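Structural overview
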Amino acid sequence: MSPDPDEIENNAERRRWMSILARADAAEIAARLQAMPPPPPHRRLRGPETGLVMVRGRAGGDGAPFNLGEMTVTRCAVRLEDGTVGHGYVAGRDARQAELAALLDALMQDAARRPALEATVIAPLEAAQAERRAGSARRAAATRVEFFTMTQMR
């Protein structure tokens, strides 16, 4: 049985917003949520809990996998009144970020709420993260040395 194309697309979208929420800090998420109506009541199913996960790497990107080391991760799961469950996993120890990520995951699963949340919370966070990456790339590019050019100068 082949997977449902709609389910595949929904999973890809969910991975995208979860990735954005995992990289945003709690203050950024909370500030964006201020522009939205208050979220519906929810209760914690799990956590927030902080623990360790093993980070694995590969030699050369495609070689044999090896254990690189441990990383601190905080997770949380919440349930909305309508039964929708959201999960949040974030690097580090920020319990508030994990809970906000879980709450937004649950809210984003509702097709009626998704467009407003996407426009007010997710898209601006994604744009801010892209700008930070671009700024970092510009700073790194400014220090780049063209060794071929240096050999031609002799």
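My aim in this report is to walk through the structure given alongside it, one point at a time. (Residues numbered from 1 in each chain as written. Predicted model: local features only at pLDDT ≥ 70, side-chain atom pairs only at ≥ 80, totals over all residues. Heavy atoms only, no water.)

Pairing of strand β1 (residues 42-58) with strand β2 (residues 65-80) involves 14 bridges; the strand directions are antiparallel. Looking across to β2, one finds that V53 is bridged to M71. Between β1 and β2, which pair antiparallel one after the other, the connecting turn spans 6 residues, and G60 there sits at a positive phi close to 75 degrees. (Pairing = 2+ DSSP bridges. Helix = DSSP H or I, 4+ residues; strand = E, 2+ residues; numbered from the N terminus.)

This paragraph deals with the packing of helix α2 (residues 26-33) against helix α4 (residues 114-142). Direction vectors running N to C along α2 and α4 enclose 145 degrees, while the axes themselves pass 9 Å from each other. Of the two possible hands of crossing, α2 and α4 adopt the one that is right-handed. Of the residues in α4, those in contact with E28, I29, R32 and L33 of α2 are L117, T120, V121, P124, L125 and R132. A per-class count over the contact of α2 with α4 returns 6 nonpolar, 1 polar and 3 charged. (Axes fitted to C-alpha atoms, helices over the stretch in contact; angles between N-to-C directions. Left-handed = near helix turned anticlockwise from the far one by under 90°. Contact = heavy atoms within 4.5 Å. Nonpolar A, V, L, I, M, F, W, Y, C, P; charged D, E, K, R; others polar.)

Right, let's get into helix α3 (residues 95-108). Taking 1.5 Å per residue, 14 residues should reach 20 Å; α3 reaches 20 Å between its end C-alpha atoms and fits that length. For α3, every residue scored as buried is listed here: Q97, A98, E99, L100, A101, A102, L103, L104, D105, A106, L107 and M108. Two or three places before R96, at the opening of α3, D94 has a side-chain oxygen 3.2 Å from that residue's backbone nitrogen. (Expected span 1.5 Å × (residues − 1). Buried < 20%, exposed > 50% of the residue type's maximum accessible area, 1.4 Å probe, protein only. Polar contact = N/O pair within 3.5 Å; in protein donor to acceptor, adjacent residues only side chain to side chain.)

This next bit is on the packing of α3 against α4. Remark: α3 packs on α4, axes separated minimally by 9 Å, with the N-to-C direction vectors making an angle of 145 degrees. Taken together, the residues of α4 that come into contact with α3 (itself represented by L104, L107 and M108) are R114, L117, E118, V121 and I122. Grouping the amino acids of the contact of α3 with α4 by side-chain chemistry returns 6 nonpolar, no polar and 2 charged.

Bear in mind that shape data such as this cannot, by itself, settle questions of function.
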